[in-house]
Structures are given as C-alpha cells and as structure tokens.
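# Observations on the model geometry
Chain by chain, the residues:
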Amino acid sequence: METDKKLVLGLFGFGVVGEGLYKVLNLTPTLNARIKKVCIKHPDKKRNAPPELFTTNKNLLLDDPEINVIVEMIDDADAAFDIVTTAFKNGKSVVSASKKMIAEHLPDLIELSRSNEVSFLYEAACCASIPVIRNLEEYYDNDLLHSINAVVNGSTNYILTKMFEDRLSFRDALIQAQQLGFAESNPTLDVEGYDALNKWTFLLCHSYGLLLKPANLVFTGIQNITSDDALQADTKDCVIKLVASAKKLKNGNVAAFVLPHFVKKDDQLAFVKNEYNGVVIESSFADKQFFYGKGAGSLPTASAVLSDISALRYGYKYEYKKLFRDQQNELTNDFYVKAYLAFTDWSHVHKEDFESIEEWHSNDHNNYLVGIIHFKKLQENDWWKKNNVSLVLTADPIIESLEIVKLKKRSLELAGFGGSFALSGSN
Ligand SMILES: NC(=O)c1ccc[n+]([C@@H]2O[C@H](COP(=O)([O-])OP(=O)(O)OC[C@H]3O[C@@H](n4cnc5c(N)ncnc54)[C@H](OP(=O)(O)O)[C@@H]3O)[C@@H](O)[C@H]2O)c1
Ligand SMILES: N[C@@H](CCO)C(=O)O
C-alpha cells in the first residue's frame, strides 16, 4: 500500500479553521502535504500568509491537475456543496468541515464520491478534535451499539457553562463564544440547536446506518433555558446540557433526537464544560466508553482536518458499512419521554398531550411540570418550543414500555389528576 503519497492541497477558506490548518501544516513538516492555493471570498482582507497564495477564482484550484485534494473550510453551505461536488467530478478527494452542507446533502455526497472513486472525509465536522466518526466507522462496526449520548456543540456548552457557573448573561456568553471562534457565522445555528442537529444527522449514518434529513429529527437548542431551569436541575442533582441522543430500543428501532437534558452531576457528560465536547457510547460487553476533547476552535478543529489529510496518504475512505448492510436500522418516534417543562402561562402548554404529570408547580412568576409524553407529540407539534416554553428531558428520559405509562396514568386518575389534571393553583 502506498503510504507517502504526495498531497497537493487546494484550500477553500482562511477563517478560524482554514488559517488554523495553515498554521498546523507549517508545524507538521513530516506530512508530505503542501497548500498550493487558497480561495477566499474577500480579497482585501489582511492575511497572515504570503499574498500570492490567495485567489478568489475557485477554478484555479478545482481545475488544477496538480492539486489532488480540496480542503473545504468555508462558512457558506450552498457554495461548499458546489465546490465539493465539482471537486469529486474532477477526480479530487475532499476534506470538509461543513456540517450543514454534509447533513443536507449526504446521500448525494456519498453517491458522487463513490462513483468518482475519491475520498470524502469530514472528521472535523463533528466534535472537532474528537475522532468520533472514524471510531464509529471502524471500531463499532457491529450490532452491539446500544446508545450514544453526546455534547456535540461547543458554543452552547460554553454558554451554559458561563451562564450557570460564572453567572454571565446569555448575551455576554454568546459574544465570548463568537470572539473565541467557536460560534457559527450565524450563531442562531448554534443557539437554536441546528448545528447539533446537523452533526447528529450524519453521525447517525456512521453509528446506526441511518440516512436521514435534518428535518426527520426532533430537536431544539438552549434559546429558552433560564437560570430558574438551572436551579430546578440543581434540586435534582443535575446540570443542564444540550444532548444529542440515540438509543437502540428493545424492538430494534432507533430513537434519536437533540434536546436539552438534565444530566446527573456524576454522569461523564456533566464534566464536559465550556467548548469541550463529549461522547458516551454504550455497547454490549464494553459497557460505557467516554470520548472527550475540544469541540470547537481553530487549532483543535484543524487537528482533525490534519488527521483526515494524513489518512489520504493511504487512500482512506469511509465505507458506510452500516448503511449498505442488508439488515437496516429504522428511526422510530414510537416511545415516550419524561420531560420537565417551564413556562410563563398554562395556556402555552398542551397539557392534554401528556400521558401523566408527576410533578407540577405554579405561582405568579414560575410554572413548571414534569410529565410523560409520547415522542410523536413532540414531533407533530412545536408548541413546546414557542412562547419561551423551555423543555428539558429528565436524566434517562426514554420510556419504552406502554404498560408502565398506563399504570402511572391510572394511578394519577385514581388520585384525582385524570383528564385535565386539575392544574389550577400551586402544589
Ligand atoms: N470554528 C470552528 O470551531 C469550527 C469547527 C468545526 C467546523 N467548522 C466549520 O468550518 C467551516 C469554516 O468555519 P470558520 O469558523 O473557519 O468560519 P470563518 O472564520 O467565518 O471563515 C470562513 C471562511 O470562508 C471563506 N468563504 C466564505 N465563502 C466563500 C466562498 N464562496 N469561496 C471561498 N471562500 C469563502 C471566507 O472568506 P473571507 O476570509 O474572504 O471572508 C473565510 O475565510 C464552517 O462550515 C464551520 O461550520 C467550524
Ligand atoms: N459552532 C460549532 C463549531 C464546531 O463545530 C460549535 O460551537 O460546536
């Protein structure tokens, strides 16, 4: 096998990640790789690299026969798709970090890279410095993956840490995340959960062979989380994290979503703070395994890009083995979850959607309930994201057995909480 193929790189983007890669490559002379040209958008910006390296003409990179790898690190998903697919058609391998582009176009990207017999690697696109995609591809290539729970967005984790440990306001914490290069150019993608959703969409392909669109998954971000919610978490010996979650249910189908969770203070994910990410994998025989590392930022992200470039020396490709297996996994929304819901007005909550309400509190300024709801209700409606309603799943939220839910509902009915649950006043 050829292991020291000469790599001539065409780099798109010289922002937080692109410039990080330029620095990291300069510090790694043993890697037989050189950047021949960098395509950027704004020619007048000052750059920390020789001016002759830069161009705004993408074809100088895409049509150059000497360039055999395109490294795509731009913040425009549509332009990225055009660049990446042209590179494939021109017989060039691609390393990308564009989560949004990958999540929205994965089936086409897999098809085109395979038909053109080139590599398409994107380790930096999920959990930045943590080698989670290659591990899921290679190490967990079997049916024994029970569940994955992960903090996959550095900016929201940074904001939650700063808000609840350092008492910073949401706005100040977000500004810091932007200044440190963690946030997306449009930070709504981070805050409202889209970035984590995009990452989870393609990670589910590598973990369970599910080829989904982001729209298939239930998700929200941290936009409605308040300090009152953090106090409630504390009373339950928990902290709040935005968790991307997937679990193989007893019937063989996969439950998957991205939602805020109460995480027990002794759970591995509770130790994931600031821009760090963490992934807890549960598998047969091995039990729990925990991956931890920086999930955003210039050099940590560039280190994953470097590792992908390095893997191209020996022609590494994702095989998508789980996707092309005869026995396919399926996504399901047929299960229940236990959720905490905080809100300003009872009229904002569809309490009839709940199978049971186990705990509730109501006064002039603070209302919340803890109840069990069928997951389909969250998929079919979005009242739980509107009017500042904040939904946080409880620790270990998935309930598979209808019988338990029915029993609890019956006991609540017997206790006088049937039908409308008689929710006036405080308890
Ligand atoms: N920041 C992180 O921690 C991180 C981590 C993992 C993945 N990512 C992903 O990596 C990508 C880059 O992120 P970033 O943080 O480096 O963004 P950034 O700092 O905003 O840089 C974006 C770069 O893209 C260039 N660009 C935009 N449109 C272009 C086009 N059509 N053609 C050529 N260049 C174009 C910009 O050019 P100008 O310099 O001329 O404006 C800039 O250099 C995004 O997809 C992001 O989601 C980021
Ligand atoms: N905005 C992303 C960058 C890393 O993908 C985050 O905060 O996680």
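The rules behind these values
- Residues numbered from 1 in each chain as written.
- Chains lettered and ligands numbered in written order.
- Predicted model: local features only at pLDDT ≥ 70, side-chain atom pairs only at ≥ 80, totals over all residues.
- Heavy atoms only, no water.
- UniProt positions renumbered as here; feature names shortened; annotations may be inferred.
- Near = heavy atom within 4 Å.
- Polar contact = N/O pair within 3.5 Å; in protein donor to acceptor, adjacent residues only side chain to side chain.
- Areas by Shrake-Rupley, 256 points an atom, 1.4 Å probe, with all protein chains shown as cover.
- 1 Å grid on protein atoms, 1.4 Å probe; cavity = no way out; pocket = protein on both sides within 12 Å on 5 of 7 lines; lining within 4 Å.
- Sits in = over half its atoms within 2 Å of the grid points.
- Pairing = 2+ DSSP bridges.
- Helix = DSSP H or I, 4+ residues; strand = E, 2+ residues; numbered from the N terminus.
- Contact = heavy atoms within 4.5 Å.
- Axes fitted to C-alpha atoms, helices over the stretch in contact; angles between N-to-C directions.
- Points joined across faces, edges and corners; volume = space filled by probe spheres on them.
- Nonpolar A, V, L, I, M, F, W, Y, C, P; charged D, E, K, R; others polar.

- In the annotation of an unreviewed UniProt entry, the entry for the chain reads Homoserine dehydrogenase, and the organism field reads Hanamia caeni.
- Its UniProt record gives the chain a comment under Sequence similarities (unreviewed entry), which states: "Belongs to the homoserine dehydrogenase family."
- For the record of the chain, the UniProt heading Catalytic activity (unreviewed entry) holds the text "L-homoserine + NADP(+) = L-aspartate 4-semialdehyde + NADPH + H(+)".

### Focus: the site of ligand 2
- In the vicinity of ligand 2, the contacting residues are Lys-99, Asn-153, Gly-154, Ser-155, Phe-182, Ala-183, Glu-184, Asp-190, Asp-195, Lys-199, Gly-295 and Ala-296.
- The side chain of Asp-190 places a nitrogen or oxygen atom 2.8 Å from a nitrogen atom of ligand 2.
- Burial of ligand 2 by the protein chains amounts to 93% of its free accessible area of 250 Å².
- Of all the cavities here, the one that holds ligand 2 is the largest pocket.

### Considering the sheet that holds strand β3 (residues 54–55)
- Judged by pairing direction, the sheet is parallel, and its six strands sit side by side in the order β3-β2-β1-β4-β5-β6 without closing on themselves. Whereas interior strands pair on both sides, the edge strands pair on one side only; in this sheet they are β3 and β6 (120–121).
- Sheet topology note: the strand β5 (residues 93–96)/β6 ladder contains two bridges and is parallel. Considered in β6, the bridge of Val-94 is made with Phe-120.
- Of the strands in this sheet, β1 (7–12), β4 (69–72), β5 and β6 touch helix α3 (residues 77–89), which is tilted by about 170 degrees from β4.

### As for the layout of surface pockets
- Size it by volume and the largest pocket reaches roughly 1300 Å³.
- Of all the elements in the fold, those that place two or more residues in the lining of the largest pocket are α1 (16–26), α3, α4 (99–115), α6 (154–165), α8 (188–191) and α9 (194–208).
- Top element by residues in the lining of the largest pocket is α3. It accounts for four residues.
- Quantified by volume, the second largest pocket comes out at close to 390 Å³.
- If you trace the second largest pocket, you find 20 residues lining it, with Asn-149, Asp-267, Glu-282, Asp-396 and Pro-397 closest to the centre.
- The set of elements that each furnish at least two residues to the lining of the second largest pocket consists of β7 (145–151), β9 (238–248), β10 (254–264), β11 (276–283) and β16 (390–399).
- Sort the elements by how many residues they give to the lining of the second largest pocket and β10 lands first, with five residues.
- In terms of residue class, the lining of the second largest pocket is built from 10 nonpolar, four polar and six charged.

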